[in-house]
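Listed below are the residues making up each chain.
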Amino acid sequence: MNLFTIPSPSSLWTTVRSGGAFHVACSFATLWAFVKVLRMLRWRVKTTQLLGPPRTSLLYGVSRDLAISQDSGAIYERWATEYGVVYMIPSVLGQTRVVLCDPRAIAHFYARETRTYVQTPLSLALLKASVGKGLLWAQGETHKRQRKALTPAFSNAAIRKLTSVFYDSAYKAKGKWDTVLESSKDGDAVIEVQNWMNHISLDTIGIAGFSHDFGSLDGKRVSVTEVFDAFGSNKPSAANEIFILLASVFPIILKIPTERRNLFKKLSITMGQISNELLIRSRREKDVNIGERGQESSVIGLLIKSEGQDAELYMSEEEVVAQMKVLLLAGYETTSTSLTWALIELSRHPDVQTRLRGELLAFGPDPTYDQLKANLPYLDAVVHETLRLHPPVPESTRLAAADDVIPLSVPVRTMSGNMTDSISIAKGTLITIPIGAINRSSTIWGPHAKEFKPDRWLTEDGIGGKAKEVQGHRHLLTFIDGPRTCLGKDFAIMEFKTVLSVLVKNFVFEMRDGPDTPVEVARGILPRPRVVGEDGTGVPLRIRRYE
């Protein structure tokens, strides 16, 4: 006896013709519910049922608690201590997420990303709406092809040539700050540094990636920065947070024209216009052979090359424009945020700042690319400690596209009370990697994990055994790992080191209201630091010349 009868297309059409729109809706609802029930039953059978926190909301599970928290990483870490290195959390409208806090499990996960573990429908919708079908959006073979096409622009040889661009931007900012200080009676000035780090990052990616100077350090009005800044001043409302949570289940509601969605649309249009203008100019230069020598290995040169129909790694015009949008967004948002956090930490820890300045001054002239990589250990330590404590992207969630078994480094207790050293994951399972929690975990990084201690990077035992199990750049998940490892990692680190070396060598930084000034996390496109009480993403620091 059939308990469920799935309506055929012909029977639905017969119902429609009989004028029963209500019955059609009911039929579709029944079919949808039936499929959902089957998937739920399969998921329960195929997925290891783990312990985890109880839901605090019938509608949102624990998702809203995480969304509004100033330190979601601390929450994830607390749950890992209580329930084990992998656990389940209740999410929106009855969904469940599996959270991985185990180094071995995370390494397994990242090794299979883009194939077994893919972007969620929400992520795909957001990325397509903001930056298009570029490297961040692409998956599987498409991602592999796009990444391979762009890789030469981020090789060591390519970045070595760009070091002078990083210095030029840093010294341009230094010159502007010198002018501000010259007009100061007290020899110091309060400067909103995050805005300046944004200008440095934008001008740098413009010149290094597209051979175009946006001129934001010279005070030129740049349309894209106005949109970026609008995200910082647009404080997400409670209604918007709820909207995004619900969109994780029903991505189609992202089409509703909320204020934040309109900002993303405006950002996409603005970046698209800039990208098209730069492409037209570069194509023209290529046609008349007046492009700069070596342009073929630059980002813009590689993109133009990939447009050729006979290109081995062909990309459509839509994909080319999307890559430019991705690079603009990543170049603006991530490095500028990291530089701002570094200046905050150095202002909070004057002893670290003095020691770093001492290393830079003792070294003498501006270090070359190879010297920045190998000959300034304390600079390297400060940079990586900043990246450890303040990853620009604090967590990532993926969807299992196939069944999988994830091994664990330590066994966990399941909901049934049994111990297991591996967990089964069913297709359709949501997996979350709490990057910030792993980077700051006391279990992994030791008792001083929450403190800014660059020295941990300088001694043999500074990084403990558990941290060494984390597979990622320098045992960090900041740049993730596997096939989706950040392509611009070395570019970002070199820009970070270059700019920080120039600024610290020439200026002394202090928190405007003292070393204990509270700093919170504000929501821009990505989370950004903000001094409590400031508008937007303001980080005012007191600055004076180092004499």
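Residues numbered from 1 in each chain as written. Predicted model: local features only at pLDDT ≥ 70, side-chain atom pairs only at ≥ 80, totals over all residues. Heavy atoms only, no water.

Thoughts on the UniProt feature "binding site: heme" (unreviewed entry) in the protein chain
Feature annotation in UniProt assigns "binding site: heme" (unreviewed entry) to the following positions: C486. Mapped onto the fold, C486 is located in the loop between α20 (465-468) and α21 (489-506). (UniProt positions renumbered as here; feature names shortened; annotations may be inferred. Helix = DSSP H or I, 4+ residues; strand = E, 2+ residues; numbered from the N terminus.)

Some thoughts on the sheet that holds strand β2 (residues 96-100)
Taken together, five strands build an open sheet; the order of strands is β1-β2-β8-β5-β3 and the sheet is mixed. With partners counted over all chains shown, the strands left at the sheet margins are β1 (86-90) and β3 (117-119), one partner each. Each strand axis lies, on average, 40 degrees off the axis of its neighbour in the sheet, ignoring direction. By the bridge criterion, five bridges tie β1 to β2 in an arrangement that is antiparallel. Counted as the bridge partner of M88 is V98 from β2. Where helix α4 (residues 72-83) meets the sheet, its contacts fall on β1, β2 and β8 (430-433), and the angle it forms with β1 comes to roughly 120 degrees. Strands β1, β2, β3, β5 (396-400) and β8 of the sheet are contacted by helix α5 (residues 103-111), whose axis makes an angle of about 120 degrees with β8. (Pairing = 2+ DSSP bridges. Axes fitted to C-alpha atoms, helices over the stretch in contact; angles between N-to-C directions. Contact = heavy atoms within 4.5 Å.)

Re a nonpolar patch on the surface
Taken together, the side chains of L59, L93, F250 and I252 make up a nonpolar region of the molecular surface, amounting to roughly 360 Å² of accessible area. Mapped onto the secondary structure, I252 falls in the loop between α11 (238-247) and α12 (259-287). (Patch = residues over 30% accessible without salt bridge, like charges linked within 9 Å, V, L, I, M, F, W, Y side chains within 5 Å. Areas by Shrake-Rupley, 256 points an atom, 1.4 Å probe, with all protein chains shown as cover. Salt bridge = Lys/Arg side-chain N within 4 Å of Asp/Glu carboxyl O.)

Re the pattern of salt bridges
Summed over the entire model, instances satisfying the criterion amount to 30 salt bridges. Residues R545 and D178 are paired through a salt bridge, measuring 3.2 Å at the closest nitrogen-oxygen approach. Placement of the pair is R545 in strand β12 (residues 540-545) and D178 in helix α8 (residues 156-182), with a sequence separation of 367 residues. With relative accessibility at 29%, the residue R545 sits in the partly exposed group. By relative accessible area, D178 is classed as buried at 12%. Here R474 and D380 are joined by a salt bridge, their closest N and O atoms 2.7 Å apart. Taken as a pair, R474 in the loop between α20 and α21 and D380 in helix α17 (residues 377-389) lie far apart in primary sequence, 94 residues in all. Residue D380 is classed as buried on the basis of its relative accessible area, which comes to 12%. Each of K172, K176, D213 and D218 takes part in one network of salt bridges that share partners. (Buried < 20%, exposed > 50% of the residue type's maximum accessible area, 1.4 Å probe, protein only.)

A few points about the packing of α8 against α21
The contact between α8 and α21 brings their axes to 9 Å, and the two run at 35 degrees. Note that α8 runs across α21; the crossing there is right-handed. Along the contact surface, α8 presents N156, I159, L162, T163, F166, Y167, A170, Y171, K174 and W177, while α21 presents D490, F491, M494, E495, T498, V499, S501, V502, L503 and N506. (Left-handed = near helix turned anticlockwise from the far one by under 90°.)

Quick notes on the packing of helix α14 (residues 317-348) against helix α15 (residues 350-363)
Interhelical geometry of α14 versus α15 gives an angle of 110 degrees and a closest axis separation of 5 Å. As the angle between them shows, α14 and α15 are arranged roughly perpendicular. Along its contact with α14, which presents L346, S347 and R348, the element α15 presents P350, V352, Q353 and L356. Looking at the contact of α14 with α15 residue by residue, the class counts come to four nonpolar, two polar and one charged. (Parallel < 35°, antiparallel > 145°, perpendicular 65-115°, else oblique. Nonpolar A, V, L, I, M, F, W, Y, C, P; charged D, E, K, R; others polar.)

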